[in-house]
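Residue-level structural notes
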Amino acid sequence: MQLARSEQTSRLDGLTMSILGLGGLGAAVGFFMAMTAPPDVGQGFVARIFHVHVPVAWIAYLASFTALGYSIAYLVRRKSRHDRVAAATVEVGLIFMGLTLVTGMLWARPTWGVYWEWEPRLTTSAILFAIYVGYVVVRGAIEDPELRAKAAAGIAILGSINVPISYMSVRWWRSIHQTQSIDLSTGRIMVDTAILIPMLVNLAAFTLLFVGLVRLRSIIAARQAAREEV
Amino acid sequence: MRRVLWLAWRDLVLEFRGRTGILSVVFFLAVMLFILAMAFGPNQQDLQSAAPGVLWVALAFAGSLLAGRAFGLEIEDGTLDDLLLTAGSREWIYFGKLLFQFALLVMVGLALLVLTAGLFYLPMQHWNWYVITLLLGSLGYAAISTFYAGMLARLRGREILLPLLLFPLVIPVVLAAVRLTQGLAEGIPISELSDWLRLLLVFNIVYVTVCAILFPAMLEG
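Anyway, here's the lowdown on the structure attached to this text.

Definitions and limits used
Starting afresh in each chain, residues are numbered from 1 along the sequence in its written order. Lettering for chains starts from A, numbering for ligands starts from 1, and both go in the order in which the items are written. Only residues with pLDDT of at least 70 are given local features in this predicted model, and only at 80 or more are side-chain atom pairs given and counted; all residues enter the totals for whole chains, interfaces and linings. Heavy atoms from the whole structure form the basis of all side-chain values; hydrogens and water molecules are not counted. Elements are defined by DSSP. Helices are runs of H or I of four residues or more, strands are runs of E of two residues or more, and each kind is numbered from the N terminus. Accessibility here uses a 1.4 Å probe with only protein chains present; expressed as a share of the type maximum, an area under 20% marks a residue as buried, one over 50% as exposed, and anything in between as partly exposed. Note on contacts: a residue pair is in contact if any heavy atoms of the two residues lie within 4.5 Å. In these tables, accessible area is a Shrake-Rupley quantity obtained with a 1.4 Å probe, and a residue counts as shielded only by the protein chains included in the view. The buried area of a pairing is the accessible area, by a 1.4 Å probe, that goes missing from both parts when the two are put together, added over both. The rule for a salt bridge is simple: a side-chain nitrogen of Lys or Arg has to be within 4 Å of a carboxyl oxygen of Asp or Glu. Polar contact is the term for a pair of N or O atoms within 3.5 Å; when the atoms are in protein, one must be able to donate a hydrogen and the other to accept it, and sequence-neighboring residues count only if both atoms are side-chain atoms. Two axes enter the bend calculation: one fitted to the seven residues ending at the residue in question, the other to the seven starting there, and the bend is the angle between them. The aromatic pairing rule takes the rings of Phe, Tyr and Trp, using the six-membered ring of Trp, and pairs them if the centres are within 6.5 Å, calling planes under 30 degrees apart stacked, those over 60 edge-to-face and the rest tilted.

**Here's the deal with the overall build of chain A**
For chain A, the count of helices and strands is seven helices and zero strands. Traced from its N-terminal end to its C-terminal end, chain A shows the element sequence α-α-α-α-α-α-α. Within chain A, buried positions represent 45% of all 230 residues. Restricting to contacts in chain A with at least 6 residues of sequence separation, those with at least 24 account for 80%. Accessible surface computed for chain A: about 11,700 Å², of which carbon and sulfur atoms make up 66%.

**Overview of unusual backbone geometry**
Phi at Arg78 of chain A is positive, roughly 60 degrees, even though this residue is not glycine. Along the chain, Arg78 of chain A falls in the loop between helix H3 (50-77) and helix H4 (80-112). The residue Tyr121 of chain B is not glycine, and still its phi comes out positive at about 55 degrees. Residue placement: Tyr121 of chain B occurs in the loop between helix H5 (91-119) and helix H6 (127-151).

**Quick look at the interface of chain A and chain B**
Each partner contributes to the interface: chain A provides 27 residues, whereas chain B provides 27 residues. Of the roughly 2,400 Å² buried at the junction of chain A and chain B (both faces included), carbon and sulfur atoms supply 80%. At the boundary of chain A and chain B, one finds zero salt bridges. Applying the counting rule to chain A against chain B returns two residue pairs in polar contact (both at pLDDT 80 or more).

**Looking at the pattern of salt bridges**
Residue and element names in this part refer to chain A. Applying the stated rule across the entire model yields three salt bridges over all chains. Salt-bridge contacts for Asp83 lead to Arg139; the nearest nitrogen and oxygen are separated by 3.0 Å. Here the residue Asp83 occupies a position in helix H4, and Arg139 occupies one in helix H5 (residues 120-141), the gap between them amounting to 56 residues. Here Arg139 falls in the buried class, since its relative accessible area comes to 14%. Across the pair Arg217 and Glu91 runs a salt bridge, and its minimum N-O distance is 2.6 Å. Residue Arg217 is located in helix H7 (residues 193-229), and its partner Glu91 is located in helix H4; the two are separated by 126 residues in the primary sequence. Owing to a relative accessible area of 25%, Arg217 belongs among the partly exposed residues under this scheme. In this structure Glu91 comes out as partly exposed when scored by relative accessible area, which is 27%.

**Some remarks on helix H7 (residues 158-185) of chain B**
Taken as a whole, H7 of chain B carries its principal kink of about 50 degrees at Val170 of chain B; the proline Pro172 of chain B stands between one and four residues after it. Gly187 of chain B sits one or two positions beyond H7 of chain B and adopts a positive phi of about 80 degrees.

**A look at the packing of aromatic side chains**
Under the criterion given, the structure shown has ten aromatic pairs over all chains. Three or more aromatic residues link up through ring pairs in this structure, and these residues are Phe71, Tyr94, Phe95, Phe147, Tyr148 and Phe215 of chain B.

Keep in mind these numbers describe shape, not what the thing actually does.
The structure is reproduced here in structure tokens:
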């Protein structure tokens, strides 16, 4: 029974593959739409990086929230599945956070004239990136699975709580980012629909890729855990 | 509550009897300040503008050195299991260790403050506000360092893992404390700096609470 269940969770299922496939397809369509979108009035063609930067950044923070949720779930329920998903979320989130930083810096150079600006969102992302690097390193350093899961959950929870606090602290420290494209508090949309639609297509595609990659990573982790038990 | 005080008191006594601990940290910091002063100096104005940053970076390093001491002796002597076996909930272990770390940091911080005032010409008219900043900043720092020190206590490479986890999290504390110190040194009235004080307070309340809730789960097993 035990074996059957672990095989069930570690099977590379069709759902994961189709999510990944759909995400890849969506990303290709989104890329084409972004490249054919009209250039920005102020920034010209440079602004097209917006179609990658914004969705990638959203996913990075989505990953942070998901990791927080699954880490709390692990500490409450103590199911190793929750720990595996949290770890997968952080690892995939780390990639997206890295992409956010790189695309942000590439965009900053032509528009602000510098690669790095001590701006709240940029700095907060860098801090979160550092926290997740610590998360991955600590996971690699602890061998006992239960101890590893608990420590990782602790780091993820403390790290996620840190996001609003460090955001506020850097914001008071200094500020130069563009206004957000969609004001989350009022729901007002600040960009043209011709530019918005490719961005949303990309967002959907990256979300699918994110979910697919997390599933894939969790399946690999489950197989590893099953092998260690044998 | 009595237990918390006893635990902190016992650790402080052990720390001072050991002699190698806190004294060597203070001397290490004095040497560090010397080197930093040489790097920034000898122009008085340059030193003055660097002083708040130097003070808090030095204290952050001291904190990461001292953090390992919170559980280091317990592991060496194998007494952590005895602590865990005491009846009742385990939050008090966290609070006891937090109090110990906080007391150590404040002591080292006061020594640092005097040294910085001397070597970096930090103006001391508002010394009472400096001390308040030091108290709030140390508490925030200790809240996180105690938590991680307990979590990683039994781990082998903890000396390097601890700062790796600790520093990104305490950035708001260091930032707020540096800004406060800088503002006070420049003679800006405290009412204009109250945002930073509030940030430190919020940070302390949030992290002491969350760490105290999570800590027992980290030590089990």
